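Examination of the molecular architecture
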Amino acid sequence: MIAQDEETEDGPILDRGPGRGREPVRTCIVTREALLPKKMIRFVRGPDGRVVPDLRARLPGRGAWVSANRASVEAAVKRRAFNRAFKTAEVKVDPDLADQVAEGLRTDLRQALALANKAGCVVTGFGKVESAILGSEGVAALIHASDAMPDGRRKLAAALRRRYGDAISRIPVVDDLSNAELDMALGRDHVIHAALIAGAGTTGCLARWRRFRTFEGMASASREDAPLDAGAAAFDSHDDDMS
């Protein structure tokens, strides 16, 4: 049970105890579970009555909150949960609302990668990525185009193993964006392999990546030889720096 001591328009405030501050919690309109906003998706009712995702939780008006996974959003649409949440029958809900959220999160990931690149936290090209992996600083994450060939993936996985040994599972491998999407995000042509290095934009980029994969039920993205959850946890942080 989460202790709540104050209500806001969107939901209650959680009192974390003396010296620990207070932070909001929201109740999912599908599961009725109280969660922190970063684990949820906020929706608002637009001027035309249509329900729209508010991924940054900044749009005005009363919000309806749903657990940040595709199944919950689809259930909210199917069960007409938004009508109850907004207390009106004048609510228009697109049947592809979950797809709209997924595309928005995917766009957020591309934008976060672009910001990380501007901050100097991205290296591209097979040779430069391999050198970064084997260098003294190492990499924070490896990036492959989703349509990258297996040979390049295997060679860079081998470089990761040489550099990190049994700790290879601590390095996330991002392979959700296509070659064309990487080109768009990084402003370059034919980006197949890239890497994130430590810096101001890295944490926010990985936070966006985790949010997208969690929504799609892919939180344990796999590499040929190692799980990624430990690596994601190593860079876990709220992504305020990318807002």
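I will try to describe carefully the structure that is included in this document. These numbers come from a predicted model, not from an experiment. (Residues numbered from 1 in each chain as written. Predicted model: local features only at pLDDT ≥ 70, side-chain atom pairs only at ≥ 80, totals over all residues. Heavy atoms only, no water.)

Turning our attention to the pattern of salt bridges. Charged atoms that come close allow side chains of opposite charge to pair. According to the stated counting rule, one finds 16 salt bridges in the structure shown. A salt bridge links Arg 50 to Asp 94; the shortest N-O distance between them is 3.1 Å. Taken together, the residues span a long stretch of sequence, with Arg 50 in the loop between strand 6 (40-45) and strand 7 (51-54) and Asp 94 in the loop between helix 2 (81-86) and helix 3 (97-118) at a distance of 44 residues. The exposure class of Arg 50 is partly exposed, given its relative accessible area of 28%. For Asp 176, the salt bridge is made with Arg 213, and the minimal N-O distance between the two is 2.1 Å. (Salt bridge = Lys/Arg side-chain N within 4 Å of Asp/Glu carboxyl O. Helix = DSSP H or I, 4+ residues; strand = E, 2+ residues; numbered from the N terminus. Buried < 20%, exposed > 50% of the residue type's maximum accessible area, 1.4 Å probe, protein only.)

Before going further, it helps to spend a moment on helix 6 (residues 179-186). Most of helix 6 sits out of view: six of its eight residues are buried. Of all the positions in helix 6, only Asn 179, Glu 181, Leu 182, Asp 183, Ala 185 and Leu 186 are classed as buried. Turning to helix 6, the residues buried within the fold contact helix 3, strand 9 (122-124) and strand 10 (141-144). With its phi angle positive at about 65 degrees, Gly 187 sits one or two positions after the end of helix 6. (Contact = heavy atoms within 4.5 Å.)

Moving on to the environment of Leu 109. Mapped onto the elements of the fold, Leu 109 is located in helix 3. Put simply, Leu 109 and Gly 204 are 95 residues apart on the chain and 9.2 Å apart in space, counted from C-alpha to C-alpha. With residues up to four places along the chain from it excluded, the contact list for Leu 109 reads Leu 177, Cys 205, Arg 208 and Trp 209.

This next bit is on the packing of aromatic side chains. Inspection of the entire model under this criterion finds one aromatic pair. With a centroid separation of 5.1 Å and an interplanar angle of 65 degrees, the aromatic rings of Phe 43 and Phe 82 are classed as edge-to-face. Pair noted here: Phe 43 is in strand 6 and Phe 82 is in helix 2, with a separation of 39 residues, a long-range link. The exposure class of Phe 43 is buried, given its relative accessible area of 0%. (Phe/Tyr/Trp six-rings, centres within 6.5 Å; stacked < 30°, edge-to-face > 60°.)

Below, the discussion takes up unusual backbone geometry. Trans is the prevailing form of peptide bonds, just as negative phi is the prevailing case for residues other than glycine. In this model, Arg 32 sits at a positive phi of 65 degrees, which is unusual for a non-glycine residue. By the secondary structure assignment, Arg 32 is in the loop between strand 4 (26-27) and strand 5 (34-35). The phi angle at Arg 80 is positive, at roughly 60 degrees, despite the residue not being glycine. Here Arg 80 shows up in the loop between helix 1 (70-78) and helix 2. Classification of Arg 80 by relative accessible area gives exposed; the value is 52%.

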